[in-house]
Amino acid sequence: MITLASDFGSPYPAAMKGVVLQRSDARLVDVAHDLPRQDVRAAAFWCRETLPYFPPAVHLVVVDPGVGTDRDALVVRVGEHALVAPDNGVSLPVAREIASEVSEAAPDVECFRYDYDDPASSTFHGRDVFAPAAAAVHEVGVDALETLDAVSLVESVVPDGSPESVVDCRFPEPTVDSGAGEARGEVLVVDDFGNAITNVPGSFLDGRAGEIVEVNGVSAPVTTAFADVDAGERLVTVGSHGFVECDVNRGRGDEAFGLAPGDEVVLAG
Amino acid sequence: MITLASDFGSPYPAAMKGVVLQRSDARLVDVAHDLPRQDVRAAAFWCRETLPYFPPAVHLVVVDPGVGTDRDALVVRVGEHALVAPDNGVSLPVAREIASEVSEAAPDVECFRYDYDDPASSTFHGRDVFAPAAAAVHEVGVDALETLDAVSLVESVVPDGSPESVVDCRFPEPTVDSGAGEARGEVLVVDDFGNAITNVPGSFLDGRAGEIVEVNGVSAPVTTAFADVDAGERLVTVGSHGFVECDVNRGRGDEAFGLAPGDEVVLAG
Amino acid sequence: MITLASDFGSPYPAAMKGVVLQRSDARLVDVAHDLPRQDVRAAAFWCRETLPYFPPAVHLVVVDPGVGTDRDALVVRVGEHALVAPDNGVSLPVAREIASEVSEAAPDVECFRYDYDDPASSTFHGRDVFAPAAAAVHEVGVDALETLDAVSLVESVVPDGSPESVVDCRFPEPTVDSGAGEARGEVLVVDDFGNAITNVPGSFLDGRAGEIVEVNGVSAPVTTAFADVDAGERLVTVGSHGFVECDVNRGRGDEAFGLAPGDEVVLAG
């Protein structure tokens, strides 16, 4: 199985699929091709929230603002999964997440460089570099990927560790003062529903269902269901990723709370 | 085969696909993930217009404004098809349509409750409840779904009947006075082309090709092809779903006729 | 394998998929369903840029402003590929491209008419005509498609030739004066990134990396990577299709250069 994620919109992903299918009979599964454009941190977030749900697979992830520069192509192996992506950090958070979910001893995160010849284009390495690489890794098998001539190990990192030789991506850490009932964090992404997803862990809201909290001074009730408030009304809840999010029932939380990705959020009350 | 339909946009459907693929080798087919958001009636319409074209399958349909409340999860079986969806009516119109298309004796529409444990999230039952349910139904087989412990029959309804114990969804009925040449109906949905699709049956236009009709007082010719009028011009035709629709050749009918979902339409002339 | 491309948006493509799957077990691969609406030339461009990357397949291409008129349905065979599409030219450029990429003697482009009975709708031949046709061609095999009763050869065209009896689509030819360092062309399409893709061959920029060129009087450097200029800055580069394109790093080239599909472009300097 090969999953595909990119910020390419349409129809460029089709060229990637064709290239893969020329080289492999793998089942292809589209993850998303409208990841926030050229936004490595947001792409890393969404990969972390989706790819760990898949069975072992090769995951092709192409959000690549550095295309055409000398940034490397990477294959990151974690357990039976492999992530094929540019060396810009996009695959590290999901690799750590997959490692953390292995019930026995968490596997290392192994970072391999994938050497490529001068590609046909300088602007579409998704088609010319990463799709062939993903197909090659799939065909040889994730277990045996180091037998590919193009592949060389750069470093192996302990499950929650940070690599030294490849680019990492870390999400900002919130400050949570449970005693004072205050948390300072940041909006990581806004999803398609308009929910403003912060980096404040959901545990901040433990035991507060029904209470009122303030988000940057805007009041809203803590609920477990959207339908706990009327249509058009604000709510604060723990989203499906485990973080505090600022939402509106049948509306857009980002607009109602005045929040955009990267904005600071102060939760109080 | 498992089809997937939702109003989740992107990339949440990928998590559903991963969850299914952890549990099943089924072929997955995306129907749509941009169904009108949290609009059960529109979703029921689009499911009715697309799912009956598929061979027997498990259809995962998640448009779920009641997520996190105590609404049930349902499995609706009709012939060799099963619909896995929230108990909000979204799967009843398509189930009746599938029943009606069986050439011999139409099968009953059997409504089963699918019991679920406390899910991982209160906001993403597509991932945590419905995707596992769809995989379980697929793996046991639609014929044998009642052998699943989680499944219990709520009621069995005659092909065109209405259930009493689960939520139904009925489209509004138009009033057609063929003698007076007048029909009163409603815009059910506006499609991606901007075609305003009403609930007036296409038979209202039988034998009128080339005539002029009025839609809420706005005149347009009855045609069978978009290209029968110039680009940018209004037309009234029978859409592919068998209903009267108000369109513009190479343009948006909703804007040209001033129509939105839910609006009343009076057809005359 | 059957690929699917259309301008149908969502969810109409699902009905096509269902119809195909009723008749065939083929692997389905979505190319795009948001091709520029009813724009045959743009659709022909995108088919040419994506379909040749696929292994031999039946390609269903439905951009069909003439739906419901008496335009024919075509099957265009080139080597082991078949294109099933309306007779409006959309499949000719890609057929020529596929022919040109065969390393030995390029195959002819064979154009077949596909006769169809009165379809269920006059507005959705994607579902009622082309999807069943694509399934039928797939099931009988591209090699043997003329054994289908519905199929009759209209004409066979030499690889780079133009047909006489079916509609062709040709992209406009640019005027390149390499001595004067000037090229006059046209914007063929604007992609999802906002890159304005012209019909001027990339060779016009050979050896000019780092130089400044003017596009309709607007200056920008010639680069090989987006990241060679700062975010928000204009650049001119050779796109992945081999044409000159006018872009902005992390922004929209169409807006920055004031270009839309069909606009004339004069490159100088």
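The rules behind these values
- Residues numbered from 1 in each chain as written.
- Chains lettered and ligands numbered in written order.
- Predicted model: local features only at pLDDT ≥ 70, side-chain atom pairs only at ≥ 80, totals over all residues.
- Heavy atoms only, no water.
- UniProt positions renumbered as here; feature names shortened; annotations may be inferred.
- Helix = DSSP H or I, 4+ residues; strand = E, 2+ residues; numbered from the N terminus.
- Rg over C-alpha atoms; globule rule 2.2 N^0.38 Å.
- Buried < 20%, exposed > 50% of the residue type's maximum accessible area, 1.4 Å probe, protein only.
- Contact = heavy atoms within 4.5 Å.
- Areas by Shrake-Rupley, 256 points an atom, 1.4 Å probe, with all protein chains shown as cover.
- Domains from an automatic or database assignment.
- Buried area = accessible area lost by both parts, 1.4 Å probe.
- Least-squares fit on C-alpha atoms with pLDDT ≥ 70 in both.
- Axes fitted to C-alpha atoms, helices over the stretch in contact; angles between N-to-C directions.
- Left-handed = near helix turned anticlockwise from the far one by under 90°.
- Nonpolar A, V, L, I, M, F, W, Y, C, P; charged D, E, K, R; others polar.

Under an unreviewed UniProt entry, chain A has the name S-adenosyl-l-methionine hydroxide adenosyltransferase family protein and belongs to Halobellus rarus. In UniProt, chain A has this text filed under Sequence similarities (unreviewed entry): "Belongs to the SAM hydrolase / SAM-dependent halogenase family."

Q: Let's hear about the overall build of chain A: which residues, and what values?
A: Looking only at helices and strands, one finds five helices and 15 strands in chain A. A compact globule built from 269 residues should have a C-alpha radius of gyration of about 18 Å, and chain A, at 20 Å, falls within 12% of that. Seen through its C-alpha atoms, chain A measures out along the principal axes to roughly 60 × 40 × 30 Å. The buried share of chain A, taken over its 269 residues, is 60%. The contacts in chain A between residues at least 6 apart in sequence include a share of 65% that link residues at least 24 apart. For chain A, the accessible area works out to roughly 9,800 Å², and carbon and sulfur atoms hold 44% of it.

Q: Tell me about the domain arrangement of chain A, residues and numbers included.
A: All names here are of chain A. Segmenting chain A into domains produces domain 1 (2–157) and domain 2 (175–268). The centre of domain 1, based on its C-alpha atoms, is set 32 Å off from the matching centre of domain 2. Facing six residues of domain 1, the contacting portion of domain 2 comprises nine residues. The contact between domain 1 and domain 2 buries some 630 Å² in all, and 62% of this surface belongs to carbon and sulfur atoms.

Q: Which residues make up the relation of the copies chain C and chain A, and what are the values?
A: By a simple turn and slide, chain C fits onto chain A: the slide is 0.0 Å along the axis, the RMSD is 0.0 Å, and the turn is 120 degrees. Here the two chains are linked by the operation of a three-fold rotation axis.

Q: Describe the packing of helix H1 (residues 12–23) of chain B against helix H4 (residues 125–140) of chain B, naming the residues involved and giving the relevant values.
A: Residues and elements named next belong to chain B. Here H1 crosses H4 at 35 degrees, and the two axes come no closer than 9 Å. Between H1 and H4 lies a crossing whose hand is right-handed. Across the interface between the two elements, Ala15, Met16, Val19, Val20 and Arg23 from H1 touch Gly126, Arg127, Ala131, Pro132, Ala135 and Glu139 from H4. Tallied by class, the residues present in the contact of H1 with H4 amount to seven nonpolar, one polar and three charged.

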